Structures are given as structure tokens and as C-alpha cells.
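Close look at the chain arrangement
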Amino acid sequence: MTKYRGFTLVELVLVIVILGTLATIAMPRLGSSSVFSGSAFRSQVVSALRYAQKAAVSHRRLVCVVLTQSTVTLQIASANPATGCASVFVSPDGTAYQRKDSTVVVSGSSLTSGLFFQPSGQVTTDGSGSILVAGVTGAINITGQTSIQIEGATGYVE
């Protein structure tokens, strides 16, 4: 008696059903790069804000974060005390610290006019330090992502 090797019809149909289910769930997510670019841009904004806070404390200078709908740029004051930032902040690789993604929109935040990291590490909404966000958590919203929370009194970014 000869044994036949191969797959049964039930096994073949089951594999096709599983592949079809995976294709309907996974393909729309993989086809849409905005989900991935939004997540990457959110991580870059969080990184920039944390870097700005650490740089303000370590350089003892005011560091300004300029937020537009698709970019985040860091600037630093030339002297201390200062009411504004004059020069572009240089990242460790020697280039201007700027992150841009035109497919992602930063919106819904009163903080998009600018954030100022004071030499003490606190966050203000103006360069002079008179309008503290202390005790209040600010939020930056990025399309399709969880909000970025900023604690004014400590400069903590989450």
C-alpha cells in the first residue's frame, strides 16, 4: 500500500482563511505610512523637548522651542539673562537642531506659539519667565498620536 504525502483540502482552506484574515487586518496598517511617520515625529518632538530642557540647564541659557504645524526647531540665547533666543541651537553633530515632517500636523495646543526652557529647567510661555506654566500641564497634539505632556514647574516631558 502506497502512502500519499500532501495536504488535505481542509488544511489548504484553513491556511487560505488565515492568510486572508491577516491580509485584511495588516495590509491597511502597513500601507499607511502616516501612522509610522506620526509616531516617529512624536518621538522626535519629545526628544527635542527633553534635549532643550537639559541644554538650558547645562548651558545656563534660555532655550526656545519653535513649533510650527510640521517642524520643531531649537534656538538658544546668546547671553544670560535673556528675553529671547537669537541663534539656532546646534545639535551634537554640528547641524541646526530641527525636525520636520510635512505629513504630520501639530495642532490643538496653545503651546505651539513657542516654549521657553529657562536655565532653571522650568518651562515658560514667554522669554522673560513671567508667565510660568508651573503647576499646569501643557499638551502638544500630533495627529493620530497621544498628546505630549509638559510639566511647567519641572520641565518634565512625557
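Notes on the structure in this doc start here.

Calculation notes
- Residues numbered from 1 in each chain as written.
- Predicted model: local features only at pLDDT ≥ 70, side-chain atom pairs only at ≥ 80, totals over all residues.
- Heavy atoms only, no water.
- Helix = DSSP H or I, 4+ residues; strand = E, 2+ residues; numbered from the N terminus.
- Buried < 20%, exposed > 50% of the residue type's maximum accessible area, 1.4 Å probe, protein only.
- Contact = heavy atoms within 4.5 Å.
- Areas by Shrake-Rupley, 256 points an atom, 1.4 Å probe, with all protein chains shown as cover.
- Core = buried A, V, L, I, M, F, W, Y, C linked by side-chain atoms within 4.5 Å.
- Patch = residues over 30% accessible without salt bridge, like charges linked within 9 Å, V, L, I, M, F, W, Y side chains within 5 Å.
- Salt bridge = Lys/Arg side-chain N within 4 Å of Asp/Glu carboxyl O.
- Disulfide = S-S within 2.5 Å.

1. Things to note about the overall build of the protein
Looking only at helices and strands, one finds two helices and nine strands in the protein. Secondary structure elements in the protein, listed N-terminal to C-terminal, are α-α-β-β-β-β-β-β-β-β-β. Among the 158 residues that make up the protein, the fraction classed as buried is 33%. If you take every contact in the protein between residues at least 6 apart in sequence, the share linking residues at least 24 apart comes to 53%. If you sum the accessible surface of the protein, you get close to 9,600 Å²; carbon and sulfur atoms cover 60% of it.

2. Considerations on the nonpolar core
Counting 24 residues, the largest nonpolar core has Leu49, Val65, Leu115, Phe117 and Ile148 as its most contacted members. Those elements that provide at least two residues to this core are α2 (33-59), β1 (63-67), β2 (71-76), β6 (115-117), β8 (137-142) and β9 (148-151). In terms of residues, this core owes the most to one element, α2, which gives eight residues. Filtering out sequence-adjacent residues up to four positions away, Leu115 remains in contact with Leu49, Val63, Cys64, Val65, Val123, Thr124, Ile140 and Ile150.

3. So, a nonpolar patch on the surface
On the surface, a cluster of nonpolar side chains totalling about 480 Å² of accessible area is made up of Leu14, Val15, Ile18, Leu19 and Leu22. Topologically, Leu14 is positioned in helix α1 (residues 9-31).

4. Overview of the state of the cysteines
Applying the stated criterion across every chain yields a total of one disulfide. Covalent S-S linkage joins Cys64 and Cys85, the inter-sulfur distance amounting to 1.9 Å. The sign of the 85° torsion about the S-S bond sets the Cys64-Cys85 disulfide as right-handed. Taken together, the residues span a long stretch of sequence, with Cys64 in strand β1 and Cys85 in the loop between β2 and β3 (87-88) at a distance of 21 residues. Each member of the pair, Cys64 together with Cys85, is buried.

5. Some details on the side chain of Thr73
One can find Thr73 in strand β2. Apart from residues no more than four positions distant in its own chain, Thr73 is found in contact with Cys64, Val65, Val66, Tyr97 and Gln98.

6. Some words on unusual backbone geometry
A positive phi angle, near 55°, is found at Arg60, a position not held by glycine. On the basis of relative accessible area, Arg60 is assigned to the exposed category, the value being 61%.

Don't take any of this as a statement about function, it's just geometry.
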